[in-house]
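Chain by chain, the residues run as shown.
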Amino acid sequence: MIYINDNIKNNIKNILSMNSTTSIAKKLLGHLITFNGLSGYIVETEAYLGVEDEACHSYKGHHSDKNNSMYLSAGTIYVYSIFGQNLLNIITQDPNVPQGVLIRAIQPIEINQSMLENRNQHGYNISNGPGKLTQALGIDKTINGTMINCNHLYLDSYEFNIPNNIISTNRIGIKNKGI
DNA sequence: TTAATGATCTACT
DNA sequence: GTAGATCATTAAG
């Protein structure tokens, strides 16, 4: 039995719908994300700015079955697969405003047996990359299109670990690896 | 993007 | 010369 706190739900909704996507990306840093009972703090994010962003799937309004989740409301989970990896995004704006935040890296609260089995790596290699954290947590496309804090994936707006150094770079660059 | 494989470099017995 | 580290290439769905 999982107890969902309405306050948490509402708080996350506030964070997601009342800010620009770039500021949401920054705000999400340090928050606890949980899937399958495995948890970690978000340490790296990236904003995707819809139709103006060439790297974004919704560039120039591109709309297909694959990226339909991007056009749903704030809090929708968008999982897409590329290079054989699953990447995790959270939609941040109103319906038909296809913007989102890509979760690029997390710092596990603890590295347990499940994570070690999901991944074949040790240390910070467990989840220091967009394709790695989805493997570590076992996230796949089955949750694509579902709402955050409702089914499988939880984002805790209260459990918060203040990042000691927030840096911002252009798309490609140095990472805050945490720890 | 990730991870494995192969190539190149570096410091030693 | 060889182990170990570092760099380049490539395949994966």
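Please refer to the structure higher up on the page.
Residues numbered from 1 in each chain as written. Chains lettered and ligands numbered in written order. Predicted model: local features only at pLDDT ≥ 70, side-chain atom pairs only at ≥ 80, totals over all residues.

In the vicinity of DNA strand B, the residues found are Phe83, Gln85, Arg119, Asn120, Gln121, Asn125, Gly129, Pro130, Gly131 and Lys132. It is helix α4 (residues 130-137) that contributes the most residues to the surface near DNA strand B, 3 residues altogether. When the residues that make up the surface near DNA strand B are grouped by side-chain class, the tally is 2 nonpolar, 6 polar and 2 charged. (Near = placed C-beta within 6 Å. Helix = DSSP H or I, 4+ residues; strand = E, 2+ residues; numbered from the N terminus. Nonpolar A, V, L, I, M, F, W, Y, C, P; charged D, E, K, R; others polar.)

So, on to the nonpolar core. Of all hydrophobic cores here, the largest spans 37 residues; its most connected members are Ile42, Val101, Ile106 and Leu133. In terms of residue count, the dominant contributor to this core is strand β2 (residues 38-48) (6 residues). (Core = buried A, V, L, I, M, F, W, Y, C linked by C-beta atoms within 7 Å. Buried ≥ 20, exposed ≤ 12 C-beta atoms within 10 Å, placed from the backbone.)

This part takes up unusual backbone geometry. For residues besides glycine, phi is generally negative; the peptide bonds are generally trans as well. A positive phi angle, near 60°, is found at Asn36, a position not held by glycine. Checked against the element boundaries, Asn36 lands in the loop between β1 (31-35) and β2. Judged by C-beta crowding, with 13 C-beta atoms within 10 Å, Asn36 ranks as partly exposed. The phi dihedral of Phe83 falls on the positive side, at around 50°, and the residue is not glycine. Along the chain, the position of Phe83 falls in the loop between β3 (77-82) and β4 (85-91).

The next subject is the environment of Lys27. One can find Lys27 in helix α2 (residues 21-28). Under the C-beta neighbour-count criterion, Lys27 is labelled partly exposed, with 16 such atoms within 10 Å. Residues Lys27 and Ile106, 79 residues apart in the sequence, show an inter-C-alpha distance of 14 Å. Not counting residues up to four positions away in its chain, the partners in contact with Lys27 are Ile15 and Asn19. (Contact = placed C-beta atoms within 7 Å.)

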